[in-house]
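Residues per chain, in single letters:
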Amino acid sequence: MSLLSPVSRLNEFAGRILTALQAPALLAARLYVSWVLLKSGYLKFSSWESTLGLFRDEYQVPLLPPDVAAVAGTAGEPFFPVLPVLGLWGRLGALCQHLLWAVLVGAIALFGSGKLPLDHWLEKMHQPARPH
């Protein structure tokens, strides 16, 4: 028995449980990210001088002057966060928003490691050869 077998079984068990949580987790992620960005947009609109200062001193968007970047960045904030809440063009809305670490970690927990997971390769290496 491989040393990785208990960990692999635990990972598979977690995968079955987390698969059932995909839909509510994605809804929660959509609502949370949208709420944060709507709040951010509101703050930018309510204090335009602070917003301009942020784009001049902190954000430093390449290829755009700070004033143009401030208008472009702030203009999308009341629109794009609404898309994931509605479930309307959610991928487009998500692409136009900031990436949050929690969403990335949540996606890995819910969907697994993808097509190139090292744990599957290690498990195969440690399995005894089957007689023919």
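Provided above is the structure to which this section pertains.
Read on for an overview of the structure. (Residues numbered from 1 in each chain as written. Predicted model: local features only at pLDDT ≥ 70, side-chain atom pairs only at ≥ 80, totals over all residues. Heavy atoms only, no water.)

Some thoughts on the pattern of salt bridges
A side chain of one charge can pair with a side chain of the opposite charge when the charged atoms of the two come close.
Now for step 1: Tallied over the full model, the rule gives 1 salt bridge.
Now for step 2: Between R56 and D67 there is a salt bridge, and its shortest N-O distance comes to 3.8 Å. Placement of R56 in helix α3 (residues 48–59) and of D67 in helix α4 (residues 66–76) is noted, with a sequence separation of 11 residues between them.
Now for step 3: The partly exposed category is assigned to R56, whose relative accessible area is 42%.
Now for step 4: With a relative accessible area of 42%, D67 lands in the partly exposed category. (Salt bridge = Lys/Arg side-chain N within 4 Å of Asp/Glu carboxyl O. Helix = DSSP H or I, 4+ residues; strand = E, 2+ residues; numbered from the N terminus. Buried < 20%, exposed > 50% of the residue type's maximum accessible area, 1.4 Å probe, protein only.)

Some remarks on the packing of helix α2 (residues 22–46) against α3
Now for step 1: Look at α2 against α3: their axes get within 5 Å of each other, and the N-to-C directions meet at 110°. Taken together, the axes of α2 and α3 lie roughly perpendicular to each other. The segment α2 lies against α3, with L43, K44, F45 and S46 engaging W48, T51, F55 and Y59. (Axes fitted to C-alpha atoms, helices over the stretch in contact; angles between N-to-C directions. Parallel < 35°, antiparallel > 145°, perpendicular 65-115°, else oblique. Contact = heavy atoms within 4.5 Å.)

Structural notes on α4
Now for step 1: All of the buried residues in α4 are A69, A70, T74 and G76. Seen end-on, α4 carries its buried residues on one side only, within an arc spanning 160°.
Now for step 2: Buried residues belonging to α4 abut α2 and α3. (Arc of directions from axis to C-beta.)

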